[in-house]
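Chains, contacts and geometry: an overview
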Amino acid sequence: PRIIEAVQFDHLREGLIQRATALNLFLDELYTGRQDVVPEEIIKTSAYFYPECMGVRPPRGIYLHIYGPDLVRMDEDHWIILEDNMRIPSGVSYALKYREIEKRLFSEFFSVYDIYPIHLYPQFLRKNLEYVAPERQGNQEPAVVLLTEGSYNAAYYDHKYLAEEMGVTLVTPKDLVVDKNGYVQMRTNRGLI
């Protein structure tokens, strides 16, 4: 395990929050048609540009539900971001499992140092997804699911583990349908919900 001092961690966290906010604002401008910094031909030829999303503004204006940058420590005080991951969670379950194992193997280490906890990540992720869920009728709780491509996907273990830890259903695209009012429903053995 590597220890990052609290002051440096707080500095990194602030920078990453700022970066995630900037990326979300960029996506908002891009998909609402207000973006004029990046040339249109670059945007429209990107494999990750979805023209179907033009003009669609997600609940609370949040496009970026999960942000997982790949950080590299260059020296004692300098970090760089190799990649901004803004897609299905990948690798989180390994970090959670490794931490669980580390706490068992290095219990003295964890009793000496005040290590930032990560075990609540699944609950925070669920709360985040509930927060961005569209408004529901009455007191209905939002239905949160975790979407996977299926058991042959390289990140399937991650998806399954996170769904279990979050207490949500793991679904594939074939499990979901859009009703005539534009709402997404899940196929179950009890019918659509």
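Here the structure is a predicted model, which means the values were calculated and not measured.

Describing helix α1 (residues 6-31)
For α1, with 26 residues, the first-to-last C-alpha span of 37 Å sits near the 38 Å given by 1.5 Å per residue. Looking at the buried residues of α1, the elements they touch are α2 (40-44), β1 (68-73) and β2 (79-85).

With respect to the sheet that holds strand β5 (residues 176-178)
Two strands in a sheet stick together by hydrogen bonds in their backbones, pointing the same way (parallel) or opposite ways (antiparallel). The strand order β5-β6-β7 describes an open sheet built from 3 strands, whose pairing is antiparallel. Looking along the sheet, the strands with just one partner apiece sit at the ends: β5 and β7 (191-192). In this sheet, strand β6 (residues 184-188) lies alongside β5 in antiparallel orientation, the contact comprising 3 bridges. Residue pairing for β6: V178 is matched across the bridge by V184.

What about the packing of aromatic side chains?
Think of a pair of aromatic rings as described by two things: how far the centres are apart, and how the planes are tilted against each other in angle. Counting across every chain of the model gives 7 aromatic pairs. Ring centres 5.6 Å apart and planes at 80° place the aromatic pair F109 and F110 in the edge-to-face group. Given the relative accessible area of 17%, F110 is considered buried. Ring geometry for F109 and Y113: centres 5.0 Å apart, planes at 45°, overall tilted. Since its relative accessible area comes to 22%, F109 is described here as partly exposed. Among the aromatic residues, those joined into a cluster by ring pairs are Y31, F49 and Y63. Stacked on the ring of Y131, the Lys or Arg R60 has its end atom at 3.9 Å from the ring centre.

With respect to the nonpolar core
Core analysis: the biggest nonpolar cluster contains 11 residues, these being I66, V92, L96, L125, V144, L146, Y161, L162, A163, M166 and V168. Secondary-structure elements contributing two or more residues to this core are α3 (92-105) and α6 (156-166). Among the elements that take part in this core, α6 stands out by supplying 4 residues, more than any other. Leave out the neighbours within four places in its chain, and L125 touches I66, L162 and M166. Listed in part, the 6 residues of the second largest apolar core include L27, L30, I43 and F49.

Parameters and conventions
- The residue numbering used here restarts from 1 in each chain and proceeds along that chain's sequence as written.
- Reporting in this predicted model follows two pLDDT cut-offs: at least 70 for local features of residues, and 80 or more for side-chain atom pairs to be given and counted; totals over whole chains, interfaces and linings ignore these cut-offs and use all residues.
- Side-chain metrics in this entry use all non-hydrogen atoms of the structure; hydrogen atoms and water are not considered.
- Here a helix means four or more residues in a row that DSSP labels H or I, a strand means two or more in a row labelled E, and each is numbered from the N terminus.
- Expected span of a helix: the number of residues minus one, times 1.5 Å.
- Two residues form a contact once any of their heavy atoms are found within 4.5 Å.
- Two strands pair under a simple rule: DSSP has to find at least two bridges between them.
- Each Phe, Tyr or Trp ring (for Trp, its six-membered ring) is paired with any other whose centre lies within 6.5 Å, and the angle between the two planes then decides the class: stacked below 30 degrees, edge-to-face above 60, tilted in between.
- Per-residue accessibility, obtained with a 1.4 Å probe over protein chains only, is compared with the maximum for each type, and a residue is labelled buried under 20%, exposed over 50%, and partly exposed between these values.
- Comment: the charge-over-ring label is applied if NZ (Lys) or CZ (Arg) is within 6 Å of the ring centre and within 35 degrees of the ring normal.
- We call a set of buried residues a nonpolar core when its members are Ala, Val, Leu, Ile, Met, Phe, Trp, Tyr or Cys and they connect through side-chain atoms within 4.5 Å of each other.

Any link to function would need more than the numbers given here.
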